[in-house]
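Residue-level structural notes
So you can see what is in the structure, the chains are spelled out below.
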Amino acid sequence: MDRSPPPRTKPPRTKPPSTKRIDVEALRGVAVALVITEHALGTPAGGWLGVDVFFVLSGFVITRSLLAEHVRTGRIDLVGFAVRRIRRLLPAALVVVVVTVSVSAALWFRPRFVSVLGDALAALVGTMNWHLVRQDADYFAETAASPLRHFWSLAVEEQFYAVWPVLLLAVLAVCGRRRARLVPVVVAALTAVGTVVAVGAGPVTDSAYFQTWARAWELLLGATVATLPTVATLPTVATRSTVTAHPTPRALPTAVTVGLGSVGAGGVIIGVLLAPVSPFPTVPVVVGTALVLVAGDLQLRLPAVRWVVRPVVALGRVSYSAYLWHWPLLVFAAVVAPGAMGTAAAVTVTLVLATLSTRYVEEPLRTRRPAGHRPRHRQRLRRLRRLPLVVPAIVVTLSVATMTVGDPASAARLLERPPTNAPERLPFADARALRTAVAVDGHPDATALAAGATRASLPPAMRDGGCLVGVGEPLRTCGTTTGADVLVVGDSTTVAWSPTVVGALPTGTAIGVTGVASCSAVIPTRAVRHRWSDACLTAKRALHRAVTAADPRLVVISAVTGEYREHLGDLPAGRAAALWERSMAETIRAFRRDHRRVLVLSAPQYGPDTSTCPDRIHGFGPCAASVTPDARAKRTSEAAAVRSSGPGAAYVDMAAWSCSSDGSSCPAVIDDTLVRVDQVHTTRAFADRLVPVLRRAVDWDALLRR
């Protein structure tokens, strides 16, 4: 009798379900079309929500692929998944990053090139979103965005890819094959948790727009759809030798699929159109995308419908490369050929490069036979069995480090050079000489000036360890701390004016300077005080206590235009101006107690960031600041408040000195001197050149007399 054990049978190899769904490709095409048209044309206003469509699709496609592998093999090969993701995402991204950095080196001066290089490092290590959060970037307000900024969404997805396969494997292990129907319930519960976290974080505005936990629920919702019985093929019975599963997902009735698809498409359309006025515009878009995926693509496969959606599907097939290429090309076109023609050329080149990149970069690596199927690579892959633990650990560690400790992309700053010592120029004799210099369109050495657009060119009082602190930090005073004749108090723009004030004062005057970043000494009137944060109001009161303690003869104040715009800009123009005038008048009266005098200086005009706006084609021409209506209204209100305060207060419109005669434009360079370090802060060199102008504009004897 043959006692040899029966031969072991391998689980039957079943062909995995096709991942080529027309609805997925069509949604990708819609998503990338929304993003590109919004970036290129500014319409539709909610085109940026195309990224949210991508998030739902990514969660769906990845989870569907992992579940199909689990059904087919009884496990999830985390090493193989990591390799597939790298081969799918990295090659095209690497080409775009290399080309973008190379063009940036040729187009921009060293400060902005170093900034782009740091962005490239963040893009390649998958922490671009946290890199932008650390920079306090605002997606909706940036005027000179990085050509690699759009990699933030890829970073969110990469962080999801690092964690989700492990979590899904744990969910499958806990539920087991006999309780496989609980998988959708568990994943839906995780989605609910992610939704609560996102709602708790508030609307996706400012830097919160880039945060991973504000987006995780969108990816998880796509994952939930992938586990539904109408979509997924889940294992039902397992023995030692066999694995069986539903041969096909349970199909929904035609009427239901048509209804779900129509409602979902309508939700995406409504969400995009109502984005400017909706507090949570992502919800209808994300939920609508999920409903379209639940409905499936059976209706789209009908011959009549398929011909209609064919162009959108074709765009969807190159959507990844199109997304990668469109933003740097639009940024470069805005410099090289600003206007409609440049934008049209950028979009055209985007489509061409996307097609070529998909054909010759993405597909050859994606369709290449996996290394695991080649005998000589099997042993090598076995050595990588710990990779599933290492890769998520690296991604999570880098993300946490960027959030808390330091940004790895800051290593690019090692390439920065200190500004060269430019020839010292004489101060402007008076306001007339300054206006004459403003009117002269000179030809400055843009390379040398661009190197000065760094923190090293700020007044010493504004640098680290100076007298400018953040909100919530204890005040620091530069100069005379007790018994000062003059105390300069306010926000960072006020502190930036301090070298001009110090130089203009009579010899022997004792002066102190103290400030809080983004929080001036102007206390808003009670009717709108709730519009300021409690932390800023506390800092304002601390500045007033500092004035009371020092008891100077003269208090010098100023307030950045951004404070007016951010807190009152949504009100009717006339009411906003009246409220600011009342706030300034009440602040002056508070400082006038004990017969103190008050000097109000207008804030510098906001303009493009001088560290990023100059280029090798136009020099500093694109950096000129336009005088906005809110800036005019604020200055007019301040002048009126001073007039109503009597002879103990004076107003000097210093911002007007550095603008054209009609007050419409303010150059970034005047008489070969850089005016601004960034968007608004005055350079030390320009502040020093204003000393005689301020000295002549103020009756110091009257203001210093108590």
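Scroll up for the structure.
Residues numbered from 1 in each chain as written. Predicted model: local features only at pLDDT ≥ 70, side-chain atom pairs only at ≥ 80, totals over all residues. Heavy atoms only, no water.

For the chain, the helix and strand inventory stands at 26 helices and 13 strands. A burial count over the chain gives 50% of its 706 residues as buried. Taken as a whole, the chain presents about 33100 Å² of accessible surface, with 61% of it coming from carbon and sulfur. (Helix = DSSP H or I, 4+ residues; strand = E, 2+ residues; numbered from the N terminus. Buried < 20%, exposed > 50% of the residue type's maximum accessible area, 1.4 Å probe, protein only. Areas by Shrake-Rupley, 256 points an atom, 1.4 Å probe, with all protein chains shown as cover.)

By the definition in use, this model includes 15 aromatic pairs. Between Phe428 and Phe686, the ring centres sit 6.3 Å apart and the planes meet at 65 degrees, which makes this aromatic pair edge-to-face. Of this pair, Phe428 sits in the loop between α15 (387-404) and α16 (431-439) while Phe686 is found in helix α24 (residues 684-689), placing the two residues 258 residues apart along the sequence. Taken individually, Phe428 and Phe686 each receive the classification buried, so the pair is uniform in this respect. (Phe/Tyr/Trp six-rings, centres within 6.5 Å; stacked < 30°, edge-to-face > 60°.)

A few words now on the nonpolar core. Counting 91 residues, the largest nonpolar core has Met128, Phe151, Trp152, Trp164, Phe210, Leu293 and Leu324 as the members making the most contacts within it. Discounting residues that sit within four places of it in the chain, Trp152 has contacts with Val51, Phe55, Met128, Asn129, Leu132, Tyr209, Phe210, Arg215 and Tyr323. Formed by 37 residues, the second largest nonpolar core is a distinct cluster that contains Ala461, Val495, Leu599 and Leu703. (Core = buried A, V, L, I, M, F, W, Y, C linked by side-chain atoms within 4.5 Å. Contact = heavy atoms within 4.5 Å.)

Okay, the state of the cysteines next. The full count for this structure, using the stated rule, is three disulfides. With its sulfur 2.1 Å from that of its partner, Cys519 forms a disulfide with Cys536. Where Cys519 bonds to Cys536 through sulfur, the torsion about that S-S bond is close to 105 degrees, and the disulfide is right-handed. Placement of Cys519 in the loop between β6 (511-516) and α19 (534-550) and of Cys536 in helix α19 is noted, with a sequence separation of 17 residues between them. The two residues Cys519 and Cys536 agree in class, both being buried. Note on cysteine connectivity: Cys613 is disulfide-linked to Cys623, with sulfurs 1.9 Å apart. Here the S-S torsion is close to 115 degrees, and the disulfide linking Cys613 with Cys623 is therefore right-handed. (Disulfide = S-S within 2.5 Å.)

The two faces of a sheet get side chains in turn, since along a regular strand they alternate between them. Burial of strand β7 (residues 554-557) is two-sided: the residues Leu554 and Val556 facing one way and the residues Val555 and Ile557 facing the other way are all buried. Pairing between strand β5 (residues 486-490) and β7: three bridges, direction parallel. Bridge pairing in β7 places Val488 opposite Val556. Alignment of β7 against strand β8 (residues 597-601), held across four bridges, turns out to be parallel. Looking at the pairing, Leu554 lines up with Arg597 of β8. (Pairing = 2+ DSSP bridges.)

Bringing a positive patch on the surface into the picture now. Where like charges cluster on the molecular surface, the positive patch consists of Lys20, Arg306, Arg310, Arg317 and Arg366. Considering each element in turn, the positive patch owes the most residues, three residues, to helix α11 (residues 303-317). Mapped onto the secondary structure, Arg317 falls in helix α11. A relative accessible area of 53% places Arg317 in the exposed class. (Patch = residues over 30% accessible without salt bridge, like charges linked within 9 Å, V, L, I, M, F, W, Y side chains within 5 Å. Salt bridge = Lys/Arg side-chain N within 4 Å of Asp/Glu carboxyl O. Lys, Arg positive; Asp, Glu negative; His and termini not counted. Charge placed at Lys NZ, Arg CZ, Asp CG, Glu CD.)

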